[in-house]
Amino acid sequence: MKKLLALLGILAMPTLALAADKLDTGDTAWMMISTALVLLMTPAGLALFYGGMTRAKNALNTYSMVVGAFLVAMVVWVIAGYSMAFGTNASATINNFVGGLSNFMLDGIKYNKLSDVGAFPAYVFVAFQGTFAAITVAIASGSAIERMKFSSWLVFVAVWGLVVYAPIAHMIWGGGILMSDGALDFAGGTVVHMNGGLAGLVLAILLGKRVGYNKVAMKPFSIILTALGAALLWFGWYGFNAGSAFGANEIAGLALLTTTVATAAAGLAWVVLEWIVYKKPTLLGAASGIVAGLVAITPAAGFVGVGGAFIIGIVGTIIAFFGVVKLKAMFKYDDSLDAFGVHFLAGLWGALAVPFFALQNKDTLWDGPLKASIEAGKAPDVMGQFMVQLKSVLIVGAWTLIGTIVVYFIASILTGGARVDSEAEEIGLDEAIHGEKGINL
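Residues numbered from 1 in each chain as written. Predicted model: local features only at pLDDT ≥ 70, side-chain atom pairs only at ≥ 80, totals over all residues. Heavy atoms only, no water.

**Examining the overall build of the protein chain**
Next, step 1: Of regular secondary structure, the protein chain possesses 18 helices and 0 strands.
Next, step 2: Relative to its length of 441 residues, the protein chain is compact, with a C-alpha radius of gyration of 21 Å against a globular reference of 22 Å.
Next, step 3: By principal-axis analysis of the C-alpha atoms, the protein chain measures approximately 65 × 50 × 35 Å.
Next, step 4: Counting all 441 residues of the protein chain, 60% fall into the buried class.
Next, step 5: A total accessible area of about 16700 Å² is found for the protein chain, and carbon and sulfur atoms account for 70% of it.
Next, step 6: With 24 positive and 24 negative side-chain charges, the protein chain shows a spacing of 6 Å between the two charge centroids. (Helix = DSSP H or I, 4+ residues; strand = E, 2+ residues; numbered from the N terminus. Rg over C-alpha atoms; globule rule 2.2 N^0.38 Å. Buried < 20%, exposed > 50% of the residue type's maximum accessible area, 1.4 Å probe, protein only. Areas by Shrake-Rupley, 256 points an atom, 1.4 Å probe, with all protein chains shown as cover. Lys, Arg positive; Asp, Glu negative; His and termini not counted. Charge placed at Lys NZ, Arg CZ, Asp CG, Glu CD.)

**Description of the side chain of Thr 136**
Next, step 1: By the element assignment, Thr 136 lies in helix H6 (residues 122–140).
Next, step 2: A distance of 2.7 Å separates the side chain of Thr 136 from the backbone oxygen of Phe 132, its partner in a polar contact.
Next, step 3: Discounting residues that sit within four places of it in the chain, Thr 136 has contacts with Trp 160, Tyr 165, Val 191, Val 192, Asn 195 and Gly 196. (Polar contact = N/O pair within 3.5 Å; in protein donor to acceptor, adjacent residues only side chain to side chain. Contact = heavy atoms within 4.5 Å.)

**Here's the deal with the pattern of salt bridges**
Side chains that carry opposite charge are capable of pairing whenever their charged atoms lie near each other.
Next, step 1: If you walk through the whole model with that rule in mind, you get 10 salt bridges.
Next, step 2: A salt bridge links Asp 116 to Lys 113; the shortest N-O distance between them is 3.7 Å.
Next, step 3: Under the relative-accessibility criterion, Asp 116 is labelled partly exposed at 36%.
Next, step 4: Accessibility expressed as a relative area gives 31% for Lys 113, which makes it partly exposed.
Next, step 5: Taking the shortest distance from any N to any O, the salt bridge between Asp 338 and Lys 328 comes out at 2.8 Å. Separated by 10 residues along the polypeptide, Asp 338 in the loop between helix H13 (306–331) and helix H14 (339–357) and Lys 328 in helix H13 bring together distant segments of the chain.
Next, step 6: Given the relative accessible area of 13%, Asp 338 is considered buried.
Next, step 7: Taken together, the salt bridges that share partners define one network made up of Arg 55, Glu 146, Arg 147, Arg 210 and Asp 334. (Salt bridge = Lys/Arg side-chain N within 4 Å of Asp/Glu carboxyl O.)

**Focus: the packing of helix H7 (residues 150–173) against helix H16 (residues 382–414)**
Next, step 1: Running from amino to carboxyl end, H7 crosses H16 at an angle of 155°, the nearest separation of the two axes being 8 Å. As far as their axial angle goes, H16 and H7 are roughly antiparallel. The crossing of H7 and H16 is right-handed. Residues Ser 152, Val 155, Phe 156, Val 159, Trp 160, Val 163, Val 164, Pro 167, Ile 168, Met 171 and Ile 172 of H7 pack against Ile 395, Val 396, Trp 399, Thr 400, Gly 403, Thr 404, Val 407, Tyr 408, Ile 410, Ala 411 and Leu 414 of H16. (Axes fitted to C-alpha atoms, helices over the stretch in contact; angles between N-to-C directions. Parallel < 35°, antiparallel > 145°, perpendicular 65-115°, else oblique. Left-handed = near helix turned anticlockwise from the far one by under 90°.)

**A look at the packing of aromatic side chains**
Next, step 1: Within this structure, the stated rule accounts for 26 aromatic pairs.
Next, step 2: Geometrically, the ring pair formed by Phe 128 and Phe 246 is edge-to-face, given 6.3 Å between the ring centres and 80° between the ring planes. Of the two residues, Phe 128 sits in helix H6 while Phe 246 sits in the loop between helix H10 (223–241) and helix H11 (250–278), which places them 118 residues apart along the sequence.
Next, step 3: Given a relative accessible area of 0%, Phe 128 falls into the buried group.
Next, step 4: Put simply, the rings of Trp 77, Tyr 82, Phe 86, Phe 120, Phe 125, Phe 128, Phe 132, Tyr 165, Trp 173, Trp 237, Phe 240 and Phe 246 pair up and form one aromatic cluster. (Phe/Tyr/Trp six-rings, centres within 6.5 Å; stacked < 30°, edge-to-face > 60°.)

**Structural notes on the packing of H10 against H11**
Next, step 1: Between H10 and H11, the least distance of the axes is 9 Å, while the angle of their chain directions is 140°. Taken together, the axes of H10 and H11 are oblique relative to one another. Remark: the crossing between H10 and H11 carries right-handed chirality. Contact residues: H10 offers Trp 234, Tyr 238 and Asn 241, while H11 offers Ala 255, Leu 256, Thr 259, Thr 260, Thr 263 and Ala 264.
Next, step 2: Partitioned by chemical class, the residues of the contact of H10 with H11 number 5 nonpolar, 4 polar and no charged. (Nonpolar A, V, L, I, M, F, W, Y, C, P; charged D, E, K, R; others polar.)

**Focus on the environment of Val 78**
Next, step 1: Among the secondary structure elements, Val 78 is positioned in helix H4 (residues 59–86).
Next, step 2: The spatial distance from the C-alpha of Val 78 to the C-alpha of Ala 372 is 36 Å, given a sequence separation of 294 residues.
Next, step 3: For Val 78, the residues in contact, after removing those within four places along its chain, are Met 105 and Leu 106.

**Digging into the confidence of the model for the protein chain**
Next, step 1: When the pLDDT values of the protein chain are averaged, the result is 95; 95% of them are 70 or greater.
Next, step 2: Counting contacts from residues 1–19, a segment whose pLDDT is below 50, to residues more than four positions away or on other chains yields 42 contacts. (pLDDT = per-residue confidence, 0-100.)

**Structural notes on the nonpolar core**
Next, step 1: Core analysis: the largest hydrophobic core is formed by 112 residues, its most contacted members being Tyr 50, Trp 153, Phe 156, Tyr 165, Phe 186, Phe 240 and Phe 303.
Next, step 2: No other element matches H6, which puts 13 residues into this core.
Next, step 3: Residues within four places of Phe 240 in sequence aside, it is in contact with Val 38, Met 41, Phe 128, Phe 132, Ile 135, Ala 187, Val 192, His 193 and Thr 298.
Next, step 4: Grouped together as the second largest cluster of nonpolar side chains are 12 residues, Met 194, Tyr 333, Phe 344 and Val 393 included. (Core = buried A, V, L, I, M, F, W, Y, C linked by side-chain atoms within 4.5 Å.)

**Quick word on the environment of Val 382**
Next, step 1: By the secondary structure assignment, Val 382 is in helix H16.
Next, step 2: A relative accessible area of 21% means that Val 382 is categorised as partly exposed.
Next, step 3: Between the C-alpha atom of Val 382 and that of Gln 360, which follows or precedes it by 22 residues, the distance is 9.8 Å.

**With respect to the environment of Val 98**
Next, step 1: One can find Val 98 in the loop between helix H5 (92–95) and H6.
Next, step 2: Residues Val 98 and Leu 429, 331 residues apart in the sequence, show an inter-C-alpha distance of 37 Å.

**Looking at a nonpolar patch on the surface**
Next, step 1: There is a patch of nonpolar side chains on the surface, built from Leu 401, Ile 402, Ile 405, Val 406, Phe 409, Ile 410, Ile 413 and Leu 414 and spanning about 750 Å² of accessible area.
Next, step 2: Among the structural elements, Leu 414 can be located in helix H16.
Next, step 3: The exposure class assigned to Leu 414 is exposed, which follows from its relative accessible area of 62%. (Patch = residues over 30% accessible without salt bridge, like charges linked within 9 Å, V, L, I, M, F, W, Y side chains within 5 Å.)

Here it is in structure tokens:
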């Protein structure tokens, strides 16, 4: 356990190191709260954020896609996903990319076993990481709304969690090749946001555009619900980022503050950009900026200071704004709720920005070129760390791209095609698929 703690840089925190062989009630309480906070982000925060932006006739279906993703992904995670992400494969070569099935159905993990990354129960770590797996695939739903079969979506979620998410989580957090290289991803800029955002773009392209896209007005159901969803996401994100310190410690406090700063700056920046470009500040823009800031700071939250958080948040919003307003129009893809424009692009920026804004302090860094140079008393190896970050985003991008294409066609074959028929699309998926309405007036 001490070797893994050292690799994660956690031994640099004396209080946690001393408590690592004995349960710490404070750390356990914080990690249980963090798990609940991250859980709230998907079936409440993200579902409302997406549901409010969808047309009224599809709002309930959009909400159901997010909730359905959470339910399926969590079940798959407990059955095999956790083992593949954080287990060890007997083959060292294969273990670079994916773990084994030694912990299938959590076999070998007892209720009184401590986590390998902190002084809290392993079961809490399983649940905490399961919420990450669930929200990642749920993010992708935002690109596929209003035209994908619900059955195809649920099959996609189940297979994607094993083929795409678990290997990427293993490579970066579970002892795989990118973790060994020293990739810095504090809470999921690559594992969650790049991954989910790019998967969404792939789905949008493979499914094709919605009927009437760019020809008829597609007015959102309720911007108020979207803003409420953004607020719940921000609230839950403290568990996401500060919880990734794996204890109630100084690093958690740092991550909490940088998350707050980056998000506030990003939300304000988006409003200002809209005011300059369109002459009107919108609530939807503020909500989008909040999410862009949360995404951008995620890979850096426990590594950077306040100044870095400001820059990462503001630049993250500028990049996401460009992705939503310009890039989508240039390439004419129907990324319905901008999962790619916000999550992938802001996550990419945050991951690559870490080396340039990281505190030059070995106590806040994980093992890698930057920390090694500081420990050796040399000039910080910023470019060496940047090359590791670049390698990580390229590998994650390639794995997600190829894996999502494969999984899409598997789901499509198993469900007789992934796209709904034109009649269902015209009626709206709330009634055509679920036989319900979001609001009965």
